[in-house]
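Coordinate analysis (summary)
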Amino acid sequence: MPYDAVRTPTMLLNPAVCRNNIRRMAEKARAHDLIFRPHFKTHQSRVVGRMFRDAGVERITVSSLRMAAYFADDGWKDITVAFPVNLREIDAINALAARVRLQLLVESADTVRRLCEGLRHDLDVYVKIDAGYGRTGIAHDNRTAIDAVCEEIARCPRLRLHGLLAHAGDSYHAATPEEVRNVFERTRAGLTAVAAALRPRHPELIVSVGDTPGCTLAEDFTGVDEIRPGNFVFYDVMQLELGACAAEDIAVVLAAPVVAVHPARGEFVIYGGGVHLSKEQHGRAGGETHFGRVVLLTDEGWSPPLPDTHIVRLSQEHGVVRSTPEIIDLLHPGALVGILPVHSCLAAACMRGYLMLDGSEADHCAGQPYTTQS
């Protein structure tokens, strides 16, 4: 294992677990006759992207034009940017639309008009629908606004209405798998009702849903054409505590050096803080919000989460871990522990690269140079 090379906080990636997560979700999409357009915002790595390609994936989702350009450079040709159009990036939009099949997200007639004025190439658009999450998009029952956007798209010769898209992000706030399924069902029902009203005029329109908890736990995809989960490639503590995955499905840990041990207060301190893990938090562990669960690194990868052992405080570089006397007795300054991140998407973005368990490295989009013309 490559642990001897670790000097500072390092994101470890188990490629076998990662490939298994990809395989399972791809099989689920095939079983339900769904287009599988995974969201690459979690891993943001061309190396991990190639694992998806090995599994037969050809269409992907990203969250920025920068990310789209990075994956276009690695040969991906069908890319959805699942983030509302930023009209200030029209040059980058045109550069990408010239080289890939590009889909963008719109949610107002005004945006469509302004986008159309600046386009030099044809592209597809989804209408962003808010099915209850409340972040952005047109409310699913606001048919007047939805119709206005669709009519404006039809007036633009360079745009084609590709589908309706929603993200049930509130599934992450559910307490049980059943609550996750209820959120997914609300989203599915809202989207399919809108699609049914639009299809007489737009027969090619598809329905696209995303979110890892829903796509993992739901079984009724009636009326859905496409799924876009992303976090499932790594999973994390949030998904574990939601019941969307098992501990052995989590594909990344932060390897963090122990820098201090305080047996009298039942804590130890790691070199691993908010700049490495983000400050995403979850649940109440022993009466306190926690910022990650701890594992021991092993010859096979890492152990299951240690009992009663959580990061209870984070500052910029420090992480304070509360644990049991038995576990603290195993540790000393200079030891390495692993931290299962609460939210792997944010922790991966913080770390900007991975050390694979075979000793090879995988890059990350955020660590690569970028220009709007790339």
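Everything in this summary refers to the structure shown in the same document. Note that the structure is predicted; figures quoted are calculated from it, not measured.

Cut-offs applied
Per chain, residue numbering runs from 1 following the sequence as it is written. Two thresholds apply to this predicted model, a pLDDT of at least 70 for residue-level local features and 80 or more for giving and counting side-chain atom pairs, whereas whole-chain, interface and lining totals are computed over all residues. The basis for the side-chain values is all heavy atoms of the structure; hydrogens and waters are excluded. Cavity: a set of points on a 1 Å grid over the protein atoms alone where a 1.4 Å probe fits but cannot get out. Pocket: an open set with protein on both sides within 12 Å along at least five of seven lines, its lining residues, like those of a cavity, having an atom within 4 Å of a point. Grid points are joined across faces, edges and corners, and a volume is the space filled by probe spheres set on the points. Put simply, DSSP marks the helices as runs of H or I at least four residues long and the strands as runs of E at least two long, and each gets a number from the N terminus on. Amino acids are sorted into nonpolar (Ala, Val, Leu, Ile, Met, Phe, Trp, Tyr, Cys and Pro), charged (Asp, Glu, Lys and Arg) and polar (every other residue, Gly among them). Here, a salt bridge means any Lys or Arg side-chain nitrogen found within 4 Å of an Asp or Glu carboxyl oxygen. In this scheme, a residue with accessible area under 20% of its type's maximum is buried, one over 50% is exposed, and one in between is partly exposed, where area comes from a 1.4 Å probe on protein chains only. To define a nonpolar core, start from buried Ala, Val, Leu, Ile, Met, Phe, Trp, Tyr and Cys residues and group those joined through side-chain atoms within 4.5 Å. By definition, residues are in contact when any of their heavy atoms lie within 4.5 Å. Cysteine sulfur atoms that pair up within 2.5 Å are treated as a disulfide. Side-chain rings of Phe, Tyr and Trp, where Trp is taken by its six-membered ring, are said to pair if the distance between their centres is within 6.5 Å; with planes under 30 degrees apart they count as stacked, over 60 as edge-to-face, and otherwise as tilted. Should the NZ of a Lys or the CZ of an Arg lie within 6 Å of a ring centre and within 35 degrees of the ring normal, that charge is described as sitting over the ring.

Some thoughts on empty space enclosed by the protein
Here the structure, examined in full by the defined rule, presents one cavity of 30 Å³ or more. Taken as a whole, the largest cavity spans an internal volume of roughly 30 Å³. Taken together, Lys128, Ile129, Asp130, Ala131, Gly132, Tyr133, Ala166, His167, Ala168, Asp170, Arg186 and Thr187 make up the full set of residues lining the largest cavity. At the level of elements, β6 (123–130), β8 (159–167) and α7 (177–198) are the ones that each hand at least two residues to the lining of the largest cavity. Sort the elements by how many residues they give to the lining of the largest cavity and β6 lands first, with three residues. The residue inventory of the lining of the largest cavity, partitioned by class, reads five nonpolar, three polar and four charged.

Considerations on the pattern of salt bridges
This structure, assessed with the given rule, holds 28 salt bridges. Its salt-bridge partner being Arg19, residue Asp54 comes within 3.3 Å of it at the nearest N-O pair. Placement of Asp54 in helix α2 (residues 46–54) and of Arg19 in helix α1 (residues 15–31) is noted, with a sequence separation of 35 residues between them. Residue classification places Asp54 among the exposed residues on the basis of a relative accessible area of 59%. Given a relative accessible area of 40%, Arg19 falls into the partly exposed group. The partner of Asp74 in a salt bridge is Arg50, and the shortest N-O contact between them spans 2.6 Å. Placement of the pair is Asp74 in the loop between α3 (65–72) and β4 (78–84) and Arg50 in helix α2, with a sequence separation of 24 residues. By relative accessible area, Arg50 is classed as partly exposed at 36%. A single salt-bridge network, built from bridges that share partners, covers Arg37, Asp78, Arg101, Asp124, Arg160 and Glu226.

Describing the nonpolar core
In this structure, Phe52, Ile93, Leu104 and Ile227 are the most contacted members of the largest nonpolar core, which totals 113 residues. Among the elements that line this core, the one with the most residues is α3, at seven residues. Non-local contacts of Leu104, meaning those with residues more than four positions away in its chain, are made with Leu65, Val81, Val85, Ile93, Leu115, Leu123, Asp124, Val125 and Tyr126. Core analysis: the next-biggest nonpolar cluster, separate from the first, contains five residues, Ala174, Leu217, Leu242 and Ala244 among them.

As for the state of the cysteines
Following the criterion strictly, the structure yields one disulfide and no others. Here Cys116 pairs with Cys156 through a disulfide, and the sulfurs are 2.1 Å apart. Residues Cys116 and Cys156 share a disulfide whose torsion about the S-S bond is about 95°; that sign makes it right-handed. Highlighted residues: Cys116 in helix α5 (residues 109–118) and Cys156 in the loop between α6 (143–155) and β8, separated in sequence by 40 residues. Taking the relative accessible area as the measure of exposure, Cys116 reaches 23% and is therefore partly exposed. Classification of Cys156 by relative accessible area gives buried; the value is 3%. We note that Cys350 lacks a disulfide partner, and the nearest cysteine sulfur, in Cys345, lies 11 Å from it.

Notes on the packing of aromatic side chains
Going through the model one piece at a time under the given rule, you end up with eight aromatic pairs. Taken together, a centroid distance of 5.2 Å and an interplanar angle of 70° make the contact between Phe184 and Phe221 edge-to-face. Placement of Phe184 in helix α7 and of Phe221 in the loop between α8 (212–217) and β10 (226–227) is noted, with a sequence separation of 37 residues between them. Just as Phe184 is buried, Phe221 falls in that class too. Joined through ring pairs, the aromatic side chains of Phe36, Phe40, Phe52, Tyr70, Phe71, Trp76 and Phe232 make up one cluster. Taking NZ or CZ as reference, Arg53 lies 4.2 Å from the ring centre of Trp76, over its face.

Honestly, it's all geometry; don't read function into it.
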